[in-house]
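Analysis of the macromolecular model
Spelled out from the first residue to the last, the chains are:
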Amino acid sequence: MEVRERIRSLQEKMKEEGIDYYLIPTADYHNSEYVNEFFKVREYFSGFTGSNGSLVVGRTNAGLWTDGRYFIQAEKELSGSGITLFRMQEEGVPTIEEYLVRNMKENETLGFDGRVVTASYGRKLEKALKDKNIVIRCEKDVAGSLWTDRPKMPGNPVSILPEEICGKSVGQKLAQVREKMREMGCTAHLLSKLDDLMWLLNIRGKDIAYNPVALSYGYFTMTEAWLFLQKQAVSDELCRYAEENGITIKEYDEITAFLGDVREGKVLLDESNVSYALYRILRDKAEIAADDNPTEKLKAVKNPVELSHMEEVYLKDSAALTKFIYWLKTNIGKIPMNEYTAAMRLDDMRREVEGFLDLSFPTISGYQENAAMMHYEATETENKELRAEGMLLVDSGGQYLGGTTDVTRTIVLGEISEEIKKHFTLTAVGMLNLTAAKFLYGCTGRNLDILAREPLWNLNIDYKCGTGHGIGYILNVHEGPQNIRWRYSDTMKEAVIEAGMVISNEPGVYKEGSHGIRTENIIVARNGEKNGDGQFMYFDTLTYVPIDLCGIEPSYMQERDIARLNDYHRAVYEKISPYLTEEERLWLKKATAPIRKQ
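This one's a predicted model, so the numbers in the text were calculated from it and none came from an experiment. (Residues numbered from 1 in each chain as written. Predicted model: local features only at pLDDT ≥ 70, side-chain atom pairs only at ≥ 80, totals over all residues. Heavy atoms only, no water.)

On to the sheet that holds strand β8 (residues 188–191), then. Reading across from one edge, β12-β11-β10-β8-β13-β14 is the order of the 6 strands in this open sheet, with mixed pairing throughout. What marks the edges here is a single partner per strand, and that holds for β12 (247–251) and β14 (287–290). Pairs of neighbouring strands in the sheet enclose a mean axial angle of 20°, with direction left out of account. Sheet analysis places strand β11 (residues 225–229) next to β12, joined by 5 bridges and oriented parallel. Bridge pairing in β12 places L227 opposite I249. Contacting β8, β10 (216–221), β11, β12 and β13 (266–269), helix α7 (residues 170–183) runs over the sheet at an angle of about 65° to β10. (Pairing = 2+ DSSP bridges. Helix = DSSP H or I, 4+ residues; strand = E, 2+ residues; numbered from the N terminus. Axes fitted to C-alpha atoms, helices over the stretch in contact; angles between N-to-C directions. Contact = heavy atoms within 4.5 Å.)

Looking now at helix α8 (residues 194–201). Taken across its 8 residues, α8 has 8 buried, putting it largely inside the fold. A positive phi of about 55° marks N202, the residue just after α8. (Buried < 20%, exposed > 50% of the residue type's maximum accessible area, 1.4 Å probe, protein only.)

A separate point is the pattern of salt bridges. Summed over the entire model, instances satisfying the criterion amount to 45 salt bridges. One salt bridge in this structure joins R137 and E17, with 3.4 Å as the shortest N-O distance. You can see R137 sitting in strand β6 (residues 135–137) and its partner E17 sitting in helix α1 (residues 2–17), a full 120 residues away along the chain. Look at E17 and you get buried, because its relative accessible area is 18%. Among the ionic contacts, a cluster of salt bridges with common partners joins K193, D195, D196, E296, K299, K302 and E479. (Salt bridge = Lys/Arg side-chain N within 4 Å of Asp/Glu carboxyl O.)

With 65 residues, the main nonpolar core has F324, L328, L386 and F539 as its most contacted residues. Ranked by residue count, the leading element in this core is helix α15 (residues 418–435), at 8 residues. The residues contacting F324, other than those within four sequence positions of it, are A342, R345, L346, M349, V394 and I411. (Core = buried A, V, L, I, M, F, W, Y, C linked by side-chain atoms within 4.5 Å.)

Another point: the packing of aromatic side chains. As enumerated under the stated definition, the model contains 21 aromatic pairs in all. Ring centres 6.1 Å apart and planes at 55° place the aromatic pair Y219 and W226 in the tilted group. Side by side, Y219 and W226 carry an identical accessibility label, which is buried. What links up through ring pairs into an aromatic cluster is the set Y21, W65, F86 and Y99. Geometry around Y44 places R6 over its ring, the cationic atom sitting 3.8 Å from the centre. The ring of Y573 has K589 lying over it, and the distance from NZ or CZ to the ring centre is 4.4 Å. (Phe/Tyr/Trp six-rings, centres within 6.5 Å; stacked < 30°, edge-to-face > 60°. Lys NZ or Arg CZ within 6 Å of the ring centre and 35° of its normal.)

Note that G508 resides in strand β25 (residues 508–511). By relative accessible area, which is 0% here, G508 ends up buried. As for G508 and T410, which are separated by 98 residues in sequence, their C-alpha atoms are 9.8 Å apart. G508 has contacts with T427, L456, Y463, I517 and R518, leaving out every residue within four places of it along the chain.

Right, dumping it as structure tokens:
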């Protein structure tokens, strides 16, 4: 097996280098969630294709850690590899740090590429392994050097967004960041997070599939700004734009030498996104203020121009998915189709939407038991035929000149069991519960998660992921710092929900070998009434796509739940019907008809 041979070659190289354990995370030099092919070293050595996971290779063993979204997928992909699967956050499963402390001996050496490990995690490893006097070697990409046919580093041209699309100029955004720096007593800010940099400078790139970002670094003082880009990404137009906005463009690889020349001052950096390699350079040169990027929160709170464009884009995107559901329902059992061809059909329909730029992630199209794998992806050669029975889960989205979309619907194609109907109904109830929330300013997603999860927890069912994540603006489909999840984690940021934050709302049920259900809408936080008790808040809906009534059993719902679903469907018809043909409108009228208890 290829994976076994690759692990064996790495172990031999580790022996040559005097390394006892080697860590390979899923990351690029900027801790991006999704990475370019060049950075998929963990995938190369493990065979696991999920977007989150870390491989630890010892001299005689190997283990892979991943989260609940990928347990089923990882078990299948690691089969026969000799790699042990560690299911993160499950009872009795050690963290990587705990595993290393247990297994590494005094004075042994841990290796990793310091450019793909964050400063915060590198420091965590330092602390955990200190008592064993473990040596950390992070100056070499030992694993990557063995990848003989490794793809080339990406370096695509950078584009400039019109200011009227962004709502704020680069100068206005830089002024906001510098004000935050001033409040923190900082003289400089190292910014490594790619979507933050793109937002700050009103530019976009094409270095990561589906995420319109360019490999880059930014360094900002109170009066100067530097942008580090690969030479091939820089055009004459970008040079003029940079000069107009007081930005000096330098070569991407010059960041190391540039930071090495920093001699004084207080530098702000986000240890959860800046690499351990760059952190080690700076910590001996300047005082470090380890805190969140101010850009992250500024980016998360969409301004009125951004929200206006997103509302328009979501209507068009919702109409495209509604048209797809109509097509699927009309043709299932009549023409041949499978998970992959259905996904391609939806992708083509989305490409016809005005302002379409790209997909925001590969379309997830999972039929029957495949839907239990949260991030399952069918291919042209590996897919399941669709029949007029069971359910198809479709999670999809697009990048538009005016917003980024993400939406999931589980579509009933034929007969389903009573148990599945119960799961389907209560998933919808949870989504509508969260949508209807009224809450005081100061709440984080941890205060709100129970609203979506409670109907399923009452059945002793849980989904191994958060309920919601932030959504970018012509940027990454996943962004922070806002999220909705119940579990506290010292590695997961937690942010107060602010008016203007856009968040996904996606409870689900995932039963291995049987079925998967997810119903996802995108919502935006708004300010409501302010009185003596404080500032109350609520959510508006951006997504308007019918929830399949073939999966709804009203007997599992309270009158309040039925009213919420009927109100939502009334709005779906009003907002989406103008985008449809007459036949599609007639179908949508039935698909959104009011329901009631028998």
